[in-house]
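# Notes for the structure review
Spelled out from the first residue to the last, the chains are:
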Amino acid sequence: MGSFAALVSRGFTFEFNSNEHAASRGHPRWGMVIDLDRCTGCQSCVVACSVENNQMLGSPEEAAMGRIIRWLKILPKTESEGSRVRQSLIPMPCQQCDDPPCTRVCPTSATFINPEGIVGQVYDRCIGCRYCVNACPYTCKFFNWGKSQWPKEVEQSFNPDVSVRDKGVVEKCLFCHHRLQRAKDAAREEGRDIQEGDYVTACQAACPAQAITFGNLNNLNSAVSRLASSHRAFKILDDLGTHPKVVYLKEG
């Protein structure tokens, strides 16, 4: 599953370093809306992401060096007005930009944006130069510093659809792309097109507060598209012009 050929055989089409928006070519445009008013900061999404994608647990020593890998982070946000201090939490996966800076600087085209707007990462092509890590303004790409290690009982529950990354590569959230492949296969067997709800990410499925909505932003009738047009919607660092496909709903 980790090889370039295997990804192609699974239907992961490649369009290296393209800056065109997927919306202009009639493809789905997968995006996510996170309602900060619903999020309780329970971190169920973080655990689900780690389990789904075979992420290392990490050690206290690695944590002290800032080398823990979590494709989905919970960032603290502190606001103050006079003596009043208010803190909230913001779940942050890869922002899946329509114009991703990371794809421009990769010398091997290991990171790319596909026609459906998912920013992918081919681990077999990555040489670990970390240009993409530094180019990401959201710090959502992670360099794998050490050999993958888990307790033996954890290894028995690996997700077979997700590759185990080797030491020295950059890894990131792919919107659980393997789930998209499964949804497409199931829809094909049933002789129909993929429908809303067929493809959901692990973090959305695990959220007890239903704060995460995922789907096709190009479908104006989809829940994710309607929420993305809400008056509460905003994008992080939107002024950079990266056009993230993760939209947040501010607290009311």
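So, a few notes on the structure that sits alongside this text. This one's a predicted model, so the numbers in the text were calculated from it and none came from an experiment.

What counts as what
- Residues numbered from 1 in each chain as written.
- Predicted model: local features only at pLDDT ≥ 70, side-chain atom pairs only at ≥ 80, totals over all residues.
- Heavy atoms only, no water.
- Helix = DSSP H or I, 4+ residues; strand = E, 2+ residues; numbered from the N terminus.
- Rg over C-alpha atoms; globule rule 2.2 N^0.38 Å.
- Buried < 20%, exposed > 50% of the residue type's maximum accessible area, 1.4 Å probe, protein only.
- Contact = heavy atoms within 4.5 Å.
- Lys, Arg positive; Asp, Glu negative; His and termini not counted.
- Charge placed at Lys NZ, Arg CZ, Asp CG, Glu CD.
- Phe/Tyr/Trp six-rings, centres within 6.5 Å; stacked < 30°, edge-to-face > 60°.
- Lys NZ or Arg CZ within 6 Å of the ring centre and 35° of its normal.

A count of helical and extended segments in the chain gives 9 helices and 10 strands. Its C-alpha atoms give the chain a radius of gyration of 18 Å, within 12% of the compact-globule value 18 Å for 252 residues. Each of the three principal axes of the chain carries a C-alpha extent, and together these read 55 × 50 × 35 Å. The 252 residues of the chain split such that 46% are buried. Within the chain, contacts between residues separated by at least 24 positions form 65% of all contacts whose residues are at least 6 apart in sequence. Separation between the mean location of the 29 positive side-chain charges and that of the 27 negative ones in the chain comes to 3 Å.

The next point concerns the packing of aromatic side chains. A full pass over the atoms with the stated rule returns 7 aromatic pairs. Ring centres of Tyr199 and Phe214 lie 4.8 Å apart, and the angle between their planes is 85°; this geometry places the pair in the edge-to-face category. With Tyr199 in the loop between helix H7 (177-189) and helix H8 (202-206) and Phe214 in strand E8 (residues 212-216), this residue pair connects regions lying 15 residues apart in the sequence. Both residues of the pair, Tyr199 and Phe214, count as buried. Of the aromatic side chains, those joined through ring pairs into one cluster are Trp30, Phe175, Tyr199 and Phe214. It is Arg67 that lies over the ring of Trp145; its NZ or CZ is 3.8 Å from the centre. We note Arg130 situated over the ring of Phe143; from NZ or CZ to the ring centre the distance is 4.6 Å.

Checked against the element boundaries, Lys184 lands in helix H7. Put simply, Lys184 and Tyr199 are 15 residues apart on the chain and 8.4 Å apart in space, counted from C-alpha to C-alpha. Not counting the four nearest positions on each side in its chain, Lys184 is found in contact with Glu116 and Ile194.

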